[in-house]
Amino acid sequence: MTAFLLNMARAGLYLALFYSFYLLVMRRTTFFRLNRFLLLAGSYLCLLLPLVRLRTVEAVASASDLTMVGVGEEAGGVVTSAHSIWPMLLYVAGCLVTLALFGVSAWKMHRLIQRGEKTECEGCRLVLLDEDIASFSWRNMVVMSRKDLLENPAILTHERMHIAHRHSLDLILFLPLQILFWWNPLMWITREELRLLHEYEADESVIQNGIDATQYQLLLVRKAVGEQRFTLASGFQHAKLKNRIEMMLKPSSSGWMRWSYLALIPVLAAFMFACNSPRKTEAAAPETSEPAPATAVDEAAPEQEALPFQLIEVKPRFNGGDAAEFSKWVNSQLVYPEKAKQAGIQGRVAIQFTVGADGAVRDAKVLRGVNEDLDAEALRVVSSSPRWEPGMQDGKAVPVTFTFPVFYQLR
């Protein structure tokens, strides 16, 4: 779960880089259809890039790689697994709330469509309502008031252009990203940029259909006081009116500007290398005619730098199970020190240790102590651990760093 949230955070960094490039380069052009595609594809690419590893991540020991909790009692210890799942629960709750909000919006839109009078009109289904509503389009349907149809036929043309360019499909494809990245304001900003591209493209098509640009712009100003009611629909009234009018007056971008988009490739590649630092490796010793004598320093040298638990592809296993099995074993070995028990001393002892590539537990140490006796007992039990099945990275056994808090509590 921690690795998933870490990848989502990295995806957020890629999204920030991509959106910055969009603002600096892509947003200034009139390639509306191309920008729509790249905005969607780029957002999904940002979600997948954290899964691509150009180089092995450098190992850095951390005091929060893995958290397990042990509770000692008078007759011994009771140790339970206590991975902190609150961040993941909060994330899932946010996803469900976001999905529910979209569901409510879709339900309200469906009810509104059901109330209207439906008729076929120029390749789309027209839904007319007697009440004064902000017009919008969804899939092959245009929903608008009778008053707007009679007084402002350009609105119908505008909504038909949304349908012709399949803008509803863009919003549907973007929905999973909004649910996964509900916590990231950039994703919501990106959605608004996508909707603005839809308006640019629809406005351009309306003018190309022979409607006077000046009269159309005046209509936009008159209708700008409305509010977008449905998150999955494309509407005539859009908040960024000034941008739409400026884009109508802007000359078409030169075709050569498309080549500037290729600058995004080396930018993303450089950022990927920056996020994936190289693993440190030892240089091979030169061949000699006689083997070099072994030294005490060579024998004591570690096999390689330990990797944090979060970055391991195949986690270490204890007695054929996960970390909870190690908790049970510690429970069977832990004894509450008599002196500390009589003195009523309780607290948390944090032990850090490494499961080597050979599965042996080594380098156990107290990161945070409570009492000399409690510290020593926790350190004794962890240091006497049987061998584990080592963690695997890139098909090779590697040492892995753990942090194991033990809570002593008298009952």
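Every chain is numbered on its own, with residues counted from 1 as its sequence reads. Restriction of local features to residues with pLDDT of at least 70 applies here, the model being predicted, together with a cutoff of 80 or more for giving and counting side-chain atom pairs; totals for whole chains, interfaces and linings are based on all residues. Working from all heavy atoms in the structure, the side-chain values ignore hydrogens and water.

**Side note on the overall build of the protein**
(1) Moving on: Strands here mean DSSP runs of E at least two residues long; helices mean DSSP runs of H or I at least four residues long; both are numbered from the N terminus. Counting secondary structure elements, the protein contains 14 helices and 13 strands.
(2) Moving on: Looking at the protein residue by residue over its 411 residues, the buried ones come to 44%.
(3) Moving on: Expressed as a percentage of contacts within the protein between residues at least 6 apart in sequence, the contacts between residues at least 24 apart total 76%.
(4) Moving on: Split by element, the accessible area of the protein, about 21,700 Å² in all, is 59% carbon and sulfur. Each residue is placed in one exposure class: buried if its accessible area under a 1.4 Å probe, protein chains only, is under 20% of its type's maximum, exposed if it is over 50%, and partly exposed if it falls in between. Contacts between residues were defined by any pair of non-hydrogen atoms, one from each residue, lying within 4.5 Å. Under the convention used here, a 1.4 Å probe and the Shrake-Rupley method define accessible areas, while residue burial counts only the protein chains that appear.

**Describing the packing of helix H5 (residues 153-164) against helix H8 (residues 213-223)**
(1) Moving on: Running from N to C, H5 and H8 cross one another at 90°; their axes reach a closest spacing of 11 Å. Here H5 is positioned roughly perpendicular relative to H8, judged by the angle of their axes. Contacts between H5 and H8 involve Ala154, Ile155 and His158 on the former and, on the latter, Tyr216, Leu219 and Lys223.
(2) Moving on: Three classes are used: nonpolar for Ala, Val, Leu, Ile, Met, Phe, Trp, Tyr, Cys and Pro, charged for Asp, Glu, Lys and Arg, and polar for all others, with Gly counted as polar. Split into classes, the residues belonging to the contact of H5 with H8 amount to 4 nonpolar, 1 polar and 1 charged. Axis geometry follows a simple rule: fit a line to the C-alpha atoms, using only the stretch in contact for helices, then measure angles between N-to-C directions, giving values from 0 to 180 degrees. An angle below 35 degrees is read as roughly parallel, one above 145 as roughly antiparallel, one from 65 to 115 as roughly perpendicular, and any other as oblique.

**A word on a nonpolar patch on the surface**
(1) Moving on: A cluster of nonpolar side chains, namely Trp256, Trp259, Leu262 and Ile265, defines an oily patch on the protein surface of about 560 Å² accessible area.
(2) Moving on: Within the secondary structure, Trp256 is located in the loop between helix H9 (241-249) and helix H10 (264-275).
(3) Moving on: Owing to a relative accessible area of 69%, Trp256 belongs among the exposed residues under this scheme. Only residues whose relative accessible area exceeds 30% and that take part in no salt bridge are eligible for patches, with like-charged residues grouped when within 9 Å of each other and nonpolar side chains (Val, Leu, Ile, Met, Phe, Trp, Tyr) grouped when within 5 Å. The rule for a salt bridge is simple: a side-chain nitrogen of Lys or Arg has to be within 4 Å of a carboxyl oxygen of Asp or Glu.

**A short note on the pattern of salt bridges**
(1) Moving on: Throughout the structure, instances matching the rule amount to 16 salt bridges.
(2) Moving on: For Asp130, the salt bridge is made with Arg146, and the minimal N-O distance between the two is 2.6 Å. Of this pair, Asp130 sits in the loop between strand E4 (124-129) and strand E5 (136-138) while Arg146 is found in helix H4 (residues 146-151), placing the two residues 16 residues apart along the sequence.
(3) Moving on: Look at Arg146 and you get partly exposed, because its relative accessible area is 31%.
(4) Moving on: Among the charged side chains, a salt-bridge network with shared partners connects Arg33, Arg36, Asp170 and Glu201.

**Considering the state of the cysteines**
(1) Moving on: Throughout, disulfides are identified as pairs of cysteine sulfur atoms within 2.5 Å of each other. Evaluation of the coordinates by the stated rule reveals 0 disulfides.
(2) Moving on: Here Cys124 stays unpaired: no disulfide links it, and the sulfur of Cys121, its closest cysteine neighbor, is 5.2 Å away.
(3) Moving on: In this structure Cys124 comes out as buried when scored by relative accessible area, which is 3%.

**Details of the packing of helix H2 (residues 32-48) against helix H7 (residues 185-208)**
(1) Moving on: In the contact formed by H2 and H7, the axes pass within 9 Å of each other and the chain directions differ by 160°. Judged on the interaxial angle alone, H7 and H2 are roughly antiparallel. Crossing handedness for the pair H2 and H7: left-handed. Residue-level inspection shows Phe32, Arg33, Asn35, Arg36, Leu39, Leu40 and Ser43 of H2 in contact with H7, the latter providing Thr190, Glu193, Leu194, Leu197, His198, Tyr200, Glu201 and Glu204.
(2) Moving on: Among the residues making up the contact of H2 with H7, the classes are represented as 6 nonpolar, 4 polar and 5 charged. Rotating anticlockwise by less than a right angle from the far helix to the near helix defines a left-handed crossing, while the corresponding clockwise rotation defines a right-handed one.

**Notes on the environment of Phe326**
(1) Moving on: Relative to the helices and strands, Phe326 is located in helix H12 (residues 323-333).
(2) Moving on: Relative accessible area serves as the criterion here: at 0%, Phe326 is assigned to the buried category.
(3) Moving on: Separated by 60 residues in the primary sequence, Phe326 and Pro386 place their C-alpha atoms 9.6 Å from one another.

**Remarks on the packing of aromatic side chains**
(1) Moving on: Classification of ring pairs uses Phe, Tyr and Trp, with its six-membered ring standing for Trp, and accepts pairs whose centres are within 6.5 Å; under 30 degrees between planes counts as stacked, over 60 as edge-to-face, and the remaining range as tilted. A complete count under the given rule lists 17 aromatic pairs for this structure.
(2) Moving on: With a centroid separation of 6.1 Å and 20° between ring planes, the pair formed by Tyr19 and Tyr22 is classed as stacked. Here Tyr19 and its partner Tyr22 are both found in helix H1 (residues 2-24), 3 residues apart, which amounts to about one turn of the helix.
(3) Moving on: Take Tyr22: its relative accessible area is 1%, and that puts it in the buried class.
(4) Moving on: Aromatic pair Phe102 and Trp188: ring centres 6.3 Å apart, planes at 5°, arrangement stacked. Separated by 86 residues along the polypeptide, Phe102 in helix H3 (residues 86-115) and Trp188 in helix H7 bring together distant segments of the chain.
(5) Moving on: Classification of Phe102 as buried rests on a relative accessible area of 5%.

**Structural notes on H9**
(1) Moving on: Within H9 the residues assigned to the buried category are Leu241, Arg244, Ile245, Met247 and Met248. Buried residues of H9, seen end-on, are gathered within an arc of 160° and therefore sit on one face of the element. Facing away from the buried side of H9, by more than 90 degrees, are the exposed residues Lys242 and Leu249.
(2) Moving on: At its buried positions, H9 is contacted by H2, H5, H7 and H8. This arc corresponds to the set of directions leading from the helix axis out to the C-beta atoms.

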